[in-house]
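These are the residues of each chain, in order.
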Amino acid sequence: MASRPRLKQADFARRRARLLAQMEPNSIAIVHAGFPPVRNRDVEHLHRPDSDFLYLTGFPEAHAIAVLLPGRPQGQYVLFCAEKDPEKEIWNGLRVGPEQACAEYGADDAFPLSDIDDIMPGLIEGRSRVYHALGKDAKFDRRVLDWVNLIRARVRNGSQPPGEFVSLEHLLHEMRLFKDSGEIRLMRHAAQISARAHVNAMQACAPGGNEYELEAELLYEFGRSGARFPAYPPIVGSGANGCILHYTENCARLKRGDLVLIDAGCEFDCYASDITRTFPVSGRFSRTQRALYEIVLEAQAAAIEQVRPGRHWNEPHEAAVAVLADGLRALGLLKGSLNRILRDESYRPFYMHRTGHWLGMDVHDVGEYKLGGEWRELEPGMVLTVEPGLYVAPGQKGVASRYQGIGIRIEDDVLVTADGCDVLSRDAPKTVADVHAVMAA
Ligand code: GLY
Ligand code: MN
Ligand code: MN
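The rules behind these values
- Residues numbered from 1 in each chain as written.
- Chains lettered and ligands numbered in written order.
- Predicted model: local features only at pLDDT ≥ 70, side-chain atom pairs only at ≥ 80, totals over all residues.
- Heavy atoms only, no water.
- Donors = N, O, S within 2.8 Å, 3.2 Å for Na, K, Ca; no water.
- Tetrahedral: all angles 85-135°; square planar, octahedral: opposite > 155°, others 65-115°.
- Helix = DSSP H or I, 4+ residues; strand = E, 2+ residues; numbered from the N terminus.
- Buried < 20%, exposed > 50% of the residue type's maximum accessible area, 1.4 Å probe, protein only.
- 1 Å grid on protein atoms, 1.4 Å probe; cavity = no way out; pocket = protein on both sides within 12 Å on 5 of 7 lines; lining within 4 Å.
- Points joined across faces, edges and corners; volume = space filled by probe spheres on them.
- Nonpolar A, V, L, I, M, F, W, Y, C, P; charged D, E, K, R; others polar.
- Axes fitted to C-alpha atoms, helices over the stretch in contact; angles between N-to-C directions.
- Parallel < 35°, antiparallel > 145°, perpendicular 65-115°, else oblique.
- Left-handed = near helix turned anticlockwise from the far one by under 90°.
- Contact = heavy atoms within 4.5 Å.
- Core = buried A, V, L, I, M, F, W, Y, C linked by side-chain atoms within 4.5 Å.
- Pairing = 2+ DSSP bridges.

S.K.: Where do I start with the coordination of the manganese ion (ligand 3) in this structure?
M.R.: For a metal bound by four donors in a tetrahedral arrangement, the ideal donor-metal-donor angle is 109.5 degrees, while six donors in an octahedral arrangement ideally sit at 90 or 180 degrees. Protein-derived ligands of the manganese ion (ligand 3) are D274 (OD), H357 (NE2), E387 (OE) and E411 (OE), with the metal-ligand distances lying across 2.0 to 2.2 Å. In this structure, the manganese ion (ligand 3) is coordinated by 6 donor atoms arranged in irregular fashion, with angles at the metal of 50 to 154°. Mapping the donors of the manganese ion (ligand 3) onto the primary sequence yields the spacing D-x82-H-x29-E-x23-E. The metal-metal distance between the manganese ion (ligand 3) and the manganese ion (ligand 2) is 3.2 Å, with D274 coordinating both. In this pair, D274 is assigned in the loop between β13 (271-272) and β14 (275-280) and E387 in the loop between β17 (383-386) and β18 (389-392), connecting sequence segments 113 residues apart. Looking at E387, the relative accessible area reads 9%, which means it is buried.

Right under this line is the structure:
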């Protein structure tokens with residue numbers, strides 16, 4: 001197997017330097033890794049630190065807190081993390097510890113979390129602006145306010161509390177929106193793993209099986225490829241379940257004659273993939289299924305065609321909608337002129353979601369979609385999904401029964417390049433001929 005792509009400490013250092021250069025001179029940024037979820041009374045479930053925190057630090061532990069201080073003479077990057085503790089480490093695993101955090105993760109200073117209430121007010125004091133993701137986590141907001149209030153309580157002694165709280169997201173998320181070559185390598189790798197998982201699920205699919213068996217195939221391929229977490233809960237919807245956009249029960253029998261819609265992607269080294277394929281349980285599309293499927297496939301091709309620098313965010317969506325609406329009209333599922341269907345949005349009972357979203361460390365990744373009230377232009381380095389679909393709910397009025405209960409979506413991960421785009425998830429088969437061939441193999 002090819003070697004695992006990885007980010008290096010220099011990548012994180014470069015990101016911190018870029019953010020520090022954009023921060024106000026007399027400011028401080030505080031970024032939290034997050035708290036692990038506790039479930040089943042007292043079990044800490046697996047936790048993957050917050051994406052903003054990971055983007056800046058690469059530091060793998062929950063609870064840790066990164067602080068950036070532009071112009072601080074003793075060093076601009078301070079990290080708080082759990083102290084080494086041989087007894088606790090016997091139970092819960094090794095910790096990096098503050099000392100190694102400097103050596104291995106590039107912190108200029110690192111302190112035990114247990115000392116944070118003594119140290120943090122001193123770091124904030126005298127800085128006029130605090131960058132903090134207010135509203136993301138109420139428990140952490142409270143802690144930040146407690147530190148600030150400690151400073152406020154000492155104003156008569158000359159302490160200077162900050163006057164301004166500003167969201168860090170504005171600066172940081174614009175950085176995260178543009179992927180560099182190291183990030184693209186990870187995202188391509190994630191997409192390749194997910195594509196293999198989709199192929200395996202297609203080949204494991206047989207009438208009489210169950211949706212959860214296909215889910216297990218996906219998770220097995222992710223896990224054995226070193227991608228332990230899915231980027232979101234897999235959707236394995238057969239038959240009419242394919243019409244439920246975020247179906248995750250994944251426990252129905254697979255019936256000959258039905259389609260299965262699988263929307264599943266792994267996360268590799270904290271970068272997401274997000275792929276949907278729809279295929280026949282029996283391995284062969286029926287005429288009716290194929291008629292709808294070919295419309296979605298054509299809509300996706302039309303949308304991908306619009307992914308290039310200079311096109312705005314909504315152009316792929318507009319292209320997909322035009323093809324979907326025209327196809328529905330040709331099949332007699334929609335009446336009237338194409339212009340009227342588009343104007344009235346009468347296609348919405350069959351296509352009620354948008355054609356994509358930014359993709360990166362988070363599946364629905366950060367980044368603005370509009371700038372100054374207008375759809376923003378696509379630029380090289382952005383990654384988005386292109387995921388048109390058609391959903392004919394059971395019992396949909398005025399629709400021939402043969403179409404009812406068919407849900408189809410085709411989703412790929414697409415990188416904007418200098419002169420067009422690159423489909424990172426291209427290895428997942430999607431033409432009718434390729435799906436037939438893979439399932440027959
Ligand atoms: N899997 C979630 C989405 O496609 O947006
Ligand atoms: Mn998806
Ligand atoms: Mn998606």
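S.K.: Is there a simple way to explain the coordination of the manganese ion (ligand 2) in this structure?
M.R.: Within the protein, D263 (OD), D263 (OD), D274 (OD) and E411 (OE) serve as the donor atoms for the manganese ion (ligand 2), at 2.0 to 2.4 Å. Classification of the site at the manganese ion (ligand 2) rests on its 6 donor atoms, whose angles at the metal span 57 to 171°, yielding the label irregular. Between consecutive donor residues of the manganese ion (ligand 2), the sequence gaps follow D-x10-D-x136-E. Relative accessible area serves as the criterion here: at 7%, D263 is assigned to the buried category.

S.K.: Explanation requested: empty space enclosed by the protein in the structure shown.
M.R.: Think of a ball as big as a water molecule: rolled over the atoms, this probe shows where empty space is left. Under the definition given, this model contains 1 cavity of 30 Å³ or more. One number sums up the size of the largest cavity: a volume of about 60 Å³. Taken together, W313, P316, H317, R354, T355, G356, L384, T385 and V386 make up the lining of the largest cavity. If you list the elements that add at least two residues to the lining of the largest cavity, you get α11 (315-330) and β17. Residue contributions to the lining of the largest cavity peak at 3 residues, all from β17. A class-by-class count of the residues in the lining of the largest cavity yields 4 nonpolar, 4 polar and 1 charged.

S.K.: I tried to follow the packing of helix α5 (residues 116-124) against helix α6 (residues 138-152) on my own but got confused; where do I start?
M.R.: Each pair of packed helices can be summarised by the angle the axes make with each other and by the distance between the axes. At a minimum axis distance of 9 Å, the contact between α5 and α6 shows a crossing angle of 65°. Classed by the angle they form, the pair α5 and α6 counts as roughly perpendicular. Between α5 and α6 lies a crossing of right-handed hand. Counting all contacts with α5, which are made through I116, D117, M120, P121 and I124, the residues of α6 involved are R143, W147, V148, L150 and I151.

S.K.: For this particular structure, what's the right way to read the nonpolar core?
M.R.: L19, F59, L79, V260, I262 and F279 are the most contacted members of the largest nonpolar core, which totals 114 residues. Here this core takes 10 residues from helix α8 (residues 181-204), the largest share from any one element. Setting aside its immediate chain neighbours within four residues, F59 contacts P49, F53, L54, A64, L79, C81, V96, A101 and Y105. In this structure, I65, V67, L123 and V130 belong to the second largest nonpolar core, which totals 17 residues.

S.K.: Just checking my understanding: could you explain the sheet that holds β17 for this structure?
M.R.: Note: strands within a sheet are paired through backbone hydrogen bonds, in either parallel or antiparallel orientation. An order of β17-β20-β21 is seen for the 3 strands of this open sheet, with the pairing classed as antiparallel. With one partner strand each, in any of the chains shown, β17 and β21 (420-423) form the two edges of the open sheet. Sheet twist, expressed as the mean angle between neighbouring strand axes with direction ignored, is 40°. As judged from the 4 bridges shared by strand β20 (residues 412-417) and β21, these two strands associate in the antiparallel manner. Looking across to β21, one finds that V414 is bridged to V423.

S.K.: Whenever I open this one, the environment of I151 confuses me. Can you help?
M.R.: The residue I151 is located in helix α6 in this model. You can call I151 buried: its relative accessible area is 0%. In this structure, the C-alpha to C-alpha distance between I151 and E125, residues 26 residues apart in sequence, is 6.5 Å. I151 has contacts with P121, I124, E125, S159, Q160 and P161, leaving out every residue within four places of it along the chain.

S.K.: It is not clear to me how the layout of surface pockets should be interpreted in this structure. Could you clarify?
M.R.: Of the pockets and cavities examined, the largest pocket occupies roughly 1,200 Å³. Sorting elements by how many residues they give to the lining of the largest pocket places helix α1 (residues 9-22) first, with 3 residues. Taken together, the residues of the lining of the largest pocket break down into 18 nonpolar, 8 polar and 11 charged. Quantified by volume, the second largest pocket comes out at close to 340 Å³. If you go around the second largest pocket, you meet 17 residues; those closest to its centre are H246, D263, H357, H364 and E387.

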